[in-house]
Amino acid sequence: MPRELKKTERPERQELLTKPIRVAVLGSGAREHALAAKLVASPCCRELVVLPGNEGMARAGLKTAPVDLKDHAAVAAKLRELDIEFAVIGPDDLLAAGLVDDLEAEGLLAFGPKRAAARIESSKAFAKEMMEAAGIPTARHVVLKADDAPKLEQVVESLGGYPIVMKYDGLALGKGVRICVDAREGAEFVKEVFEDKIFERVGRSEASGSKDTKKTPPPLMVVEQLLSGHEVSVFALTDGKRLAVLEPSCDHKRLGEGNVGPNTGGMGAYSPVPWLGAEQLAEIVEKVFAPLLTAMREAKSSFKGLLYAGLMVRGRDFWVLEYNARFGDPETQAILPRLESDLLPLLYGIANGCFERNLDANPMRWSSNACVNVVAASRGYPEAPETGMKIEGVDDLLLAKGPRVYFAGVKAREGGLVTSGGRVLGVSALGESLDAARSDAMAALEKIRFEGMKFRRDVGSVRANY
Ligand code: AMP
Ligand code: GLY
């Protein structure tokens, strides 16, 4: 790491954010594009750069600069070189690898939880432990280590039998959860986790940037009851004590319309969520967010940042499926276009220890409009996406006032953009209803073309089972 900054060299910290600052957003997906687009519009933002961002964002008018986000020393050096006063971290693997800890040790201000608190996402066993300690509603579960593998059938039996949910304990690029319908599938997942260790490579690379994570702990897995109902994502900004809940959203994880086909990183999202009433949301805050913050403070891993609860809701009942330690993708792309008030002072206040004052001065104000975000993916996604396809039709949309385009898997070639990943871009449209928003998102997507482009036409519709 570069040398430690002397106190006098550290950038001035404002208590109430009133003087414009230089901001960086770290990451390169559509979520980071949406965050950057929101933050750059803040009157408190003097300049914004996305590190490393992508060439689509640059085409959309955002400043980007290359950096290896796994190399924490390089990130700190880049933030200094660019005179950045505040860094907002998007992806979970950076948080789990302790990027916030390392930047703070360097005297830099960053938005996101420290490594110990990010375990609420990076360790399913830790999350379950916290939920149990706090009495938070969640599926009944048992944690297994390699030695326990022969007990699997007994454990499944104790949880009510198959079908059952099995989860690898660490970060696994969204692939660590399996619904097993019988003993054969259960045994197969156990073998993948404990014998073939297929998820450990992900865990190791995720931790590579941090100093104190050299030894990989033995793998664990969580076995839990399968729950049914409707899923919803609820986000709250918090400094570890005070909470500010954002408007709820739902994402569509399955590839195909009507929720069929393989699971993906998300094919679209919508907000608001018509089936989740204000009363139930208040109960979720009371039973799911507040007790977790207390439990985490007591475990000496106070959470500051964006806390994401993924919930299963059935009638009046709800259960936490997972907590995440960062903004969700693609939910963020459906939520932020609805936020009319300034986001920057809230994120800055959380990082700087003055959330309360900044929140009181900038209460969140939401548009009554609905927002639908639809992801355009490559042919072959999620298994083997084809890349290198020329993208046409986006420039007019970038110039127009209507639906916004947020870029993910794209790169520049021959003066234009080509696809470079499975989820290529997303389009977010606002409208008086979800139907109106979806129809505008569809009209925008009809203007975009790349070979093999696919997207769902039912995001936020009754057909998609919202
Ligand atoms: P997680 O990463 O723990 O949220 O799991 C990913 C996805 O698996 C969730 O969004 C759900 O669709 C599904 N899932 C996880 N846990 C359960 C459960 N106990 N019952 C039913 N579905 C689940
Ligand atoms: N939308 C799911 C996630 O961000 O994890």
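Just so you know, the residues in each chain are numbered from 1, in the order the chain's sequence is written. Chain letters start at A and ligand numbers start at 1, both assigned in the order the entries are written. Note on the predicted model: pLDDT of at least 70 is required for a residue's local features to be given, and 80 or more for side-chain atom pairs to be given and counted; whole-chain, interface and lining totals, by contrast, use all residues. Here the side-chain values reflect all heavy atoms present in the structure, with hydrogen atoms and water set aside.

1. Here's the deal with helix α6 (residues 115-122)
(1) Moving on: Turning to α6, its buried residues number three or more, namely A117, A118, I120, E121 and S122.
(2) Moving on: The elements touched by buried residues of α6 are α4 (92-96), α7 (124-134), α11 (278-298), β16 (305-314) and β17 (317-324). Note on exposure labels: buried denotes an accessible area under 20% of the residue type's maximum, exposed denotes more than 50%, and partly exposed covers the range between, all computed with a 1.4 Å probe on protein chains only. Secondary structure elements are taken from DSSP: a helix is a run of H or I of four residues or more, a strand is a run of E of two residues or more, and numbering for both begins at the N terminus. We call two residues contacting when some pair of their heavy atoms lies within 4.5 Å.

2. Looking at the sheet that holds strand β21 (residues 410-413)
(1) Moving on: Across the sheet, which stays open at both edges, the 3 strands sit in the order β19-β22-β21 with antiparallel pairing between neighbours. Taken across any chain shown, the strands that pair with only one partner, and hence form the sheet edges, are β19 (390-391) and β21. When DSSP finds at least two bridges between two strands, those strands are taken to pair.

3. Some words on the site of ligand 2
(1) Moving on: Being near a molecule or strand, for a residue, comes down to having at least one heavy atom within 4 Å of it. Ligand 2 sits among D251, Y308, N324, R326, G328, D329 and E331.
(2) Moving on: Contacts to ligand 2 include D251, whose side-chain N or O atom sits 2.7 Å from a nitrogen atom.
(3) Moving on: Counting of polar contacts relies on pairs of N or O atoms within 3.5 Å, with two restrictions inside protein: one atom must be capable of donating a hydrogen and the other of accepting it, and residues adjacent in sequence are counted only when both atoms are side-chain atoms. Within the side chain of E331, a nitrogen or oxygen atom sits 2.7 Å from a nitrogen atom of ligand 2.
(4) Moving on: Within the complex, 86% of the 190 Å² of free accessible area of ligand 2 lies under protein.
(5) Moving on: Think of it as three bins: nonpolar holds Ala, Val, Leu, Ile, Met, Phe, Trp, Tyr, Cys and Pro, charged holds Asp, Glu, Lys and Arg, and polar takes everything else, Gly as well. Here the shell around ligand 2 is composed, by residue class, of 1 nonpolar, 2 polar and 4 charged. Per-residue and other accessible areas were derived by the Shrake-Rupley procedure at a 1.4 Å probe size, with only the shown protein chains allowed to occlude residues.

4. With respect to empty space enclosed by the protein
(1) Moving on: Cavities and pockets were defined on a 1 Å grid built from protein atoms only: a cavity is a group of points that admits a 1.4 Å probe but offers it no way out, a pocket is an open group of points flanked by protein on both sides within 12 Å along at least five of seven lines, and a lining residue is one with an atom within 4 Å of any such point. Grid points are joined across faces, edges and corners, and a volume is the space filled by probe spheres set on the points. The tally for this structure, following the rule as stated, stands at 4 cavities of 30 Å³ or more.
(2) Moving on: The volume enclosed by the largest cavity comes to roughly 90 Å³.
(3) Moving on: For the largest cavity, the full set of lining residues is I120, E121, K124, A127, K128, M131, K167, E224, L321, E322, Y323 and N324.
(4) Moving on: Of the residues in the lining of the largest cavity, the class split is 5 nonpolar, 1 polar and 6 charged.

5. Description of the site of ligand 1
(1) Moving on: Close to ligand 1 lie 14 residues, the nearest being K167, E224, L227, E231 and E322.
(2) Moving on: Contact between ligand 1 and K124: an oxygen atom at 2.9 Å from a side-chain N or O atom of the residue.
(3) Moving on: Within the side chain of K253, a nitrogen or oxygen atom sits 3.1 Å from an oxygen atom of ligand 1.
(4) Moving on: In the complex, the protein chains occlude 86% of the 460 Å² of accessible area that ligand 1 would expose alone.

6. Some words on the sheet that holds strand β8 (residues 177-180)
(1) Moving on: Across the sheet, which stays open at both edges, the 4 strands sit in the order β6-β9-β7-β8 with antiparallel pairing between neighbours. The strands lining the two open edges of the sheet, one partner per strand, are β6 (141-145) and β8. Geometrically, the sheet is characterised by an average inter-axis angle of 25 degrees between neighbouring strands, direction not taken into account.
(2) Moving on: One ladder, built from 5 bridges, connects β6 with strand β9 (residues 220-225); its direction is antiparallel. The residue bridging L144 from the neighbouring strand is M221, located in β9.
(3) Moving on: Here α7 sits on the sheet in contact with β6, β7 (164-168), β8 and β9, set at roughly 50 degrees to β9.
(4) Moving on: In this analysis an axis means a line fitted to C-alpha atoms, helices contributing only their contacting stretch, and an angle means the value between N-to-C directions, from 0 to 180 degrees. Each of β6, β7, β8 and β9 touches helix α9 (residues 183-194); the most contacted strand, β8, lies at about 155 degrees to it.

7. Describing the pairing of β17
(1) Moving on: Here β17 lies mainly inside the structure; 6 of its 8 residues are buried.
(2) Moving on: Of the pairings in the sheet, the one linking β16 to β17 comprises 7 bridges and is antiparallel in character. Looking at the pairing, A309 lines up with Y323 of β17.
(3) Moving on: What sits between β16 and β17 in their antiparallel hairpin is a turn of 2 residues, with G315 showing a positive phi close to 60 degrees.

8. Some thoughts on the confidence of the model for the chain
Segments scoring low in pLDDT should not have their predicted coordinates read at a detailed level.
(1) Moving on: Each residue carries a pLDDT value, the predictor's own confidence for that position, ranging from 0 to 100. Mean pLDDT for the chain: 93, with 93% of residues reaching 70 or above.
(2) Moving on: Per-residue pLDDT stays below 50 along residues 204-213; that stretch engages in 20 contacts with residues further than four places along the chain or on separate chains.

9. A look at helix α13 (residues 344-352)
(1) Moving on: Most of α13 sits out of view: 9 of its 9 residues are buried.
(2) Moving on: Of the residues making up α13, those classed as buried are L344, P345, L346, L347, Y348, G349, I350, A351 and N352.

10. Some details on the pattern of salt bridges
(1) Moving on: The salt bridge definition used is simple: a Lys or Arg side-chain nitrogen within 4 Å of an Asp or Glu carboxyl oxygen. A full pass over the atoms with the stated rule returns 31 salt bridges.
(2) Moving on: Note that E192 is salt-bridged to R178, the shortest N-O span being 2.7 Å. On the criterion of sequence distance, the pair formed by E192 in helix α9 and R178 in strand β8 is long-range, its members being 14 residues apart.
(3) Moving on: With relative accessibility at 14%, the residue E192 sits in the buried group.
(4) Moving on: Its salt-bridge partner being D251, residue K253 comes within 3.5 Å of it at the nearest N-O pair.
(5) Moving on: Its relative accessible area of 30% is what places K253 among the partly exposed residues.
(6) Moving on: Linked through salt bridges whose partners overlap, the residues forming this network are R22, E47 and K63.

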